[in-house]
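# Observations on the three-dimensional arrangement
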Amino acid sequence: MKIVLVAPEIPGNTGTIGRTCVALDMELVLIRPYGFELSDKTVRRAGLDYWKHVRLAEYDDWDAFLADRRPPREALFLFEDDGAAGTVYDPEYPAGAYLVFGRETVGLPGEALAAFPDRTFRLPMSSPHIRSLNLANAVTAVAYQAMRPWLS
């Protein structure tokens, strides 16, 4: 399974997500542009001494990612606050799933959402006082749910 971050903006979130990827043996795929330098010490600080173990792939943009990886439609799971395909709890995630998240401030790019509306899910929240979760928290919650069949 892979975590895909499209244009992440906050280095600490990316570092923390990298640490989660190491914990779950997931690849981290980063799609530019970034809101920071990948060598930023904040990324490494959040990833602690685990960052060197992150299986990392980088792409210049969403189209380059799709062209290179050619993920099957059924392996793509995009996550947005208003995902129309259901909640994170609905799908059965295949071992080769791509769990895709957008930038902290605006989410996924419009072209990704338009191309995959049936593959866009949401993490439910009960309180009307919250618009969204921190990206690192949302990714971790989704990753553990997706990996559930393989965790003991």
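Everything that follows concerns the structure shown earlier in this document.
First, a word on scope: everything that follows refers to the structure included in this document. Computed from a predicted structure; not experimentally measured.

In contact at an axis separation of 9 Å, helix 1 (residues 11-24) and helix 5 (residues 135-147) are set at 15° when each is read in the N-to-C sense. The orientation of helix 1 with respect to helix 5, classified from their angle, is roughly parallel. Relative to helix 5, helix 1 is oriented so that their crossing is right-handed. Between helix 1, through N13, T16, I17, T20, A23 and L24, and helix 5, the contact on the second element is made entirely by L135, A136, V139, T140, A143, Y144 and M147.

Extensive coverage of strand 2 (residues 27-31) is indicated by the burial of five of its five residues. What you see with strand 2 is no split at all: E27, V29 and I31 on one side and L28 and L30 on the other are buried throughout. Inspection of the sheet shows strand 1 (residues 2-6) paired to strand 2 by five bridges, in the parallel sense. Bridging from a neighbouring strand, V6 pairs with I31 of strand 2.

Moving on to the pairing of strand 3 (residues 56-59). Residue alternation in strand 3 divides its side chains into a buried set, A57 and Y59, and an unburied set, L56 and E58. Pairing analysis gives four bridges linking strand 2 to strand 3, with the strands arranged parallel. Pairing of V29 across the sheet is with A57, part of strand 3.

Further remarks concern helix 3 (residues 62-69). For helix 3, the complete set of buried residues consists of W62, F65 and R69. Considered in projection along helix 3, the buried side chains sweep an arc of 60° and stay on one side of the axis. On its buried face, helix 3 is in contact with strand 1, strand 2, strand 3, strand 5 (98-101) and helix 4 (110-115). Between the side-chain oxygen of the N-cap and the backbone nitrogen of D63 there are 3.2 Å, and the N-cap of helix 3 in question is D61. Residue R70 follows helix 3 closely and has a positive phi angle near 45°.

About the cut-offs
- Residues numbered from 1 in each chain as written.
- Predicted model: local features only at pLDDT ≥ 70, side-chain atom pairs only at ≥ 80, totals over all residues.
- Heavy atoms only, no water.
- Axes fitted to C-alpha atoms, helices over the stretch in contact; angles between N-to-C directions.
- Helix = DSSP H or I, 4+ residues; strand = E, 2+ residues; numbered from the N terminus.
- Parallel < 35°, antiparallel > 145°, perpendicular 65-115°, else oblique.
- Left-handed = near helix turned anticlockwise from the far one by under 90°.
- Contact = heavy atoms within 4.5 Å.
- Buried < 20%, exposed > 50% of the residue type's maximum accessible area, 1.4 Å probe, protein only.
- Pairing = 2+ DSSP bridges.
- Arc of directions from axis to C-beta.
- Polar contact = N/O pair within 3.5 Å; in protein donor to acceptor, adjacent residues only side chain to side chain.

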